[in-house]
Amino acid sequence: MKRRVLAIIAPPVAVCRYGCAGCCAAPIGVFWIAGVVSLIYAFFGGPAELESFSAGTFALGAILWVIATVWAELTINGIDADDKCDSTASTLCRVVKPKIDDNDPLDEIKKFQ
């Protein structure tokens, strides 16, 4: 429950805490910060410089925040699924686990020295 609430309030923090920071924390953070800035900017008239509240800018901010939240939830759930790595092969497990016949890249570099 804490994970879901944190993903709604601060998606990049949730990904860093419950997922891995290198996965998607930076792009999720960009969407989230853009959403927050857009929400705040809506109260100052938005890009149209309205005298009152800008509903379009507020909607844009809400959409960006929802995208960041959904992306964070998907990332965290994907990390949870990949940690199990049982019979259902996940994409992360296929990328991270080397095959038996894979060469060590450092050995390849040492050959050329």
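Note: the structure precedes this text.
Residues numbered from 1 in each chain as written. Predicted model: local features only at pLDDT ≥ 70, side-chain atom pairs only at ≥ 80, totals over all residues. Heavy atoms only, no water.

A. Spotlight on the side chain of glutamate 73. Relative to the helices and strands, glutamate 73 is located in helix 4 (residues 55–84). A relative accessible area of 13% means that glutamate 73 is categorised as buried. Residues within four places of glutamate 73 in sequence aside, it is in contact with Arg3, Arg4 and Ala7. (Helix = DSSP H or I, 4+ residues; strand = E, 2+ residues; numbered from the N terminus. Buried < 20%, exposed > 50% of the residue type's maximum accessible area, 1.4 Å probe, protein only. Contact = heavy atoms within 4.5 Å.)

B. Local environment of the environment of isoleucine 67. Locating isoleucine 67 in the fold gives a position in helix 4. Sequence separation of isoleucine 67 and isoleucine 28 is 39 residues, and the distance between their C-alpha atoms is 8.3 Å.

C. Spatial organisation of helix 2 (residues 11–18). Taken as a whole, helix 2 has its buried residues at Pro11, Pro12, Ala14 and Val15. The buried residues of helix 2 occupy one face: seen down the axis, they fall within an arc of 160°. (Arc of directions from axis to C-beta.)

D. Structural context of unusual backbone geometry. Positive phi, close to 55°, is recorded for glutamate 49, a residue that is not glycine. Here glutamate 49 lies in the loop between helix 3 (21–42) and helix 4.

By themselves, these are just geometric observations and shouldn't be taken as functional.
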